[in-house]
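# Residue-level structure breakdown
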Amino acid sequence: MEITLQNFGHKGELYYADNVPVRRIAESCDTPFYCYSQLGIESAYDAYASAFAQHDTLICYAVKANSSQAVLRILAARGAGADVVSEGELRRALLAGMPASKIVFSGVAKTAGEIKFALSKDILQFNVESEPELHQISAIATQLGKTARIAFRINPDIDAGTHEKISTGKLENKFGIPWQSARQAYAEAAKLPGIKVCGIDMHIGSQIMSLAPYSRAFERIAELAQQLRDDGHPITTIDLGGGLGINYDAHNDVAPAATEYAALALKTFGDINCRLILEPGRSIVGDAGILVSSVIYVKQGGNSTFLIIDAAMNDFLRPSMYNAHHNIVAERNSGSEQVHYDIVGPVCETADTFVRNWQLAAQQAGDLIIIEGAGAYGSVMASGYNTRPLIPEVLVEDNTFRIIRKRPDYDSIIGMDIP
Ligand SMILES: *Cc1c(COP(=O)(O)O)cnc(C)c1O
C-alpha cells in the first residue's frame, strides 16, 4: 500500500504542505518544527460530522491528541466540543471557544481541584472512572450547590488489538468500571446527592485498525443500556470514546473510514434513542500534521549509515515510546543513488532512533527530512530533555502559513529555575 496523504507531498522537487513548500517555512522559522494543515483538520472532522449527520451526535475532539489553541479554534468553529482529561485541557478548550455545554471530562482520577473547576464551568458531563471518584464529585457538587451530570466509563473487557501501552478496554487495564460491576455502580450513583446519571461511556484504546473490537464493545454497551433502563436509570447519552487508527506506514492494515465506523455505531445505537458522543483525537489531527527537520550530519557507522537529524525523541516520542513506524520522506528524493539509513536524533539515548534501514535518495547536511502522520501525540508529548527548546508549530492554510507556537528562547527556559 502506498501512503497517499491529502495535504502533504511532493510537487516536483519540493515537498508541500497544501500550497506552501515546507522549505519556505523552514527558511522563516528554522527546523525542526511541526506543521499542520488547516484543510486536513477540517476534512477529517467533516468526515465524522457527515457520517453521523443523520443521528443526534456530539463530536468531542480529544484535546490530548493536539491541544494547540489554533487547532482547537478550527474545530470549535466547526461545532466540535471537547473531551478533556485535565483542568489544563479544560481551560484550553474553553479559551479556544468550545462551550462548556459541549465538553466532557474524562480521565482516570480527577482531583478535587479539577472537579471544582469543571463544576464551576457547568460542563456537559463527567465520565466517572471509579466509585471513590463518584463520591468525590457528589461531595463537591453538593458543597457548591451544583449538579454533576455523569456517565460511568465502562470497561467492556475487549482486546482492541492495539499496542499494549495504548490499550484501555481490557479488564487488567486501569481504566473505568468493569462491566460486571456496572449495575451496582449506577445504583450507587442514583442514591447520591449532586449527581445526575445521564449515560454510559466507553473508550477501548487508541490506534485501533479494525472494527471488530468496536463491534463487540458496542454490543456489550447496548445491552447494558437496556439493562440500566430496566433498572430505572435515565440513559440518554452514549459516549463511544475515540480510538480509530490512521495509516502510519505501508506495512499495516488500512484504518477503517469514519463512514464504516459510523455505519457500525448506527447499526447498534441508531434506534436506542440516545444522543451519541464521539471522542476522536488521532483520526482528526494525525494525518493533518508533519514534523519537518534537517539533516545535521551523515555519519558512517560500523554497520550502518546514520542520518542524524535535528529532531529528536524529546520532540517526537512515538517511535521510541511505542515503537511507532512513521513514513519518513526526504525533500531531496531524486538522484539515482539510494542509501539505507538509520535515521536518528542527536539526544544521548539509543532510543532516540526514528527508523532503521530506511531507504532514501542520498542526503546531505541541510536537507529536509519530513516525518509524516505527526499531527497527533506529537507536540503534546514533547519535553525539554537535554535542554532542547520545545519546537515551534506552524499552521498552513492553503497558500499561507503562520506560526501558532513560538520556539522559546534559552533565557526563558533556564530562567524558570530558581538557583
Ligand atoms: C485518548 C482518548 C481519546 C482519543 O483517542 P484517539 O485514539 O486519539 O482517538 C478519547 N477518549 C478518551 C477517554 C481518551 O483517553
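A separate point is the pattern of salt bridges. Tallied over the entire structure, the rule returns 14 salt bridges. Where E331 meets R23, a salt bridge forms, and the shortest distance between an N and an O atom there is 2.6 Å. One end of the pair, E331, is in the loop between β16 (328-330) and β17 (338-344); the other, R23, is in helix α1 (residues 22-29), and 308 residues separate them in sequence. A relative accessible area of 7% places E331 in the buried class. Ionic pairing is found between R78 and E42, a salt bridge with its closest N-O pair at 3.5 Å. Separated by 36 residues along the polypeptide, R78 in the loop between α3 (69-77) and β6 (81-84) and E42 in helix α2 (residues 38-51) bring together distant segments of the chain. Taking the relative accessible area as the measure of exposure, R78 reaches 35% and is therefore partly exposed. Here the residues in one salt-bridge network are E42, D46 and R78, joined through shared partners.

In this section: the sheet that holds strand β2 (residues 14-17). On the basis of which strands lie adjacent, the open sheet formed by three strands has the order β1-β2-β3 and antiparallel pairing. Edge positions in the sheet fall to β1 (8-11) and β3 (20-21), since each has one partner strand and no second. Here β2 runs beside β3; their pairing, made up of two bridges, is antiparallel. In the strand pairing of β3, A17 is matched with V20.

A few words on the site of the ligand. Every one of the 14 residues lining the ligand counts as a neighbour, but K64, S206, E279, R282 and Y377 are closest to it. The separation between an oxygen atom of the ligand and a polar main-chain atom of G243 is 2.8 Å. Measuring from an oxygen atom of the ligand, one finds a backbone N or O atom of G281 at 2.9 Å. Alone, the ligand offers 390 Å² of accessible surface; in the complex the protein occludes 94% of this. Partitioning the shell around the ligand into residue classes produces three nonpolar, six polar and five charged.

Packing of helix α5 (residues 112-121) against helix α6 (residues 131-144) leaves a shortest axis separation of 10 Å and a crossing angle of 50°. With respect to their mutual orientation, α5 and α6 come out oblique. When the axes of α5 and α6 are compared, the crossing they make is right-handed. Along its contact with α5, which presents A112, I115, K116 and L119, the element α6 presents Q136, I137, I140, A141, Q143 and L144. Of the residues in the contact of α5 with α6, the class split is seven nonpolar, two polar and one charged.

Applying the stated criterion across every chain, the model contains ten aromatic pairs. Aromatic pair Y214 and Y261: ring centres 5.1 Å apart, planes at 80°, arrangement edge-to-face. Placement of Y214 in helix α8 (residues 212-230) and of Y261 in helix α9 (residues 258-269) is noted, with a sequence separation of 47 residues between them. This pair shows no difference in class: Y214 is buried, exactly as Y261 is. Lying over the aromatic face of F117, R91 brings its terminal NZ or CZ to 4.1 Å of the ring centre. Sitting over the face of the ring of Y248, R318 holds its NZ or CZ atom 4.3 Å from the ring centroid.

Right, let's talk about the side chain of T31 for a bit. Relative to the elements of secondary structure, T31 occurs in the loop between α1 and β4 (33-37). Among the polar contacts listed, one links the side chain of T31 to the side chain of S294, at a separation of 2.6 Å. At 2.5 Å, the side chain of T31 forms a polar contact with the side chain of D310. The residues contacting T31, other than those within four sequence positions of it, are A26, V292, S293, S294, D310, L368 and R407.

So, about empty space enclosed by the protein. Across all of its chains, the model carries one cavity of 30 Å³ or more by this definition. Of the volumes computed, that of the largest cavity is approximately 40 Å³. Taken together, Y48, Y214, G241, G242, G243, L244, Y261, L278, E279, P280 and S283 form the lining of the largest cavity. For the lining of the largest cavity, the residue count by class is six nonpolar, four polar and one charged.

A word on unusual backbone geometry. Between T31 and P32 the backbone carries a cis peptide bond, its omega angle lying at -5°. Here D122, not a glycine, exhibits a phi torsion of approximately 55°, which is positive. Within the element layout of this structure, D122 appears in the loop between α5 and β8 (125-128). Backbone geometry places N357, a non-glycine residue, at a positive phi of 60°. Summarising the element assignment, N357 is placed in strand β18 (residues 353-361).

Cut-offs and rules
- Residues numbered from 1 in each chain as written.
- Predicted model: local features only at pLDDT ≥ 70, side-chain atom pairs only at ≥ 80, totals over all residues.
- Heavy atoms only, no water.
- Salt bridge = Lys/Arg side-chain N within 4 Å of Asp/Glu carboxyl O.
- Helix = DSSP H or I, 4+ residues; strand = E, 2+ residues; numbered from the N terminus.
- Buried < 20%, exposed > 50% of the residue type's maximum accessible area, 1.4 Å probe, protein only.
- Pairing = 2+ DSSP bridges.
- Near = heavy atom within 4 Å.
- Polar contact = N/O pair within 3.5 Å; in protein donor to acceptor, adjacent residues only side chain to side chain.
- Areas by Shrake-Rupley, 256 points an atom, 1.4 Å probe, with all protein chains shown as cover.
- Nonpolar A, V, L, I, M, F, W, Y, C, P; charged D, E, K, R; others polar.
- Axes fitted to C-alpha atoms, helices over the stretch in contact; angles between N-to-C directions.
- Parallel < 35°, antiparallel > 145°, perpendicular 65-115°, else oblique.
- Left-handed = near helix turned anticlockwise from the far one by under 90°.
- Contact = heavy atoms within 4.5 Å.
- Phe/Tyr/Trp six-rings, centres within 6.5 Å; stacked < 30°, edge-to-face > 60°.
- Lys NZ or Arg CZ within 6 Å of the ring centre and 35° of its normal.
- 1 Å grid on protein atoms, 1.4 Å probe; cavity = no way out; pocket = protein on both sides within 12 Å on 5 of 7 lines; lining within 4 Å.
- Points joined across faces, edges and corners; volume = space filled by probe spheres on them.

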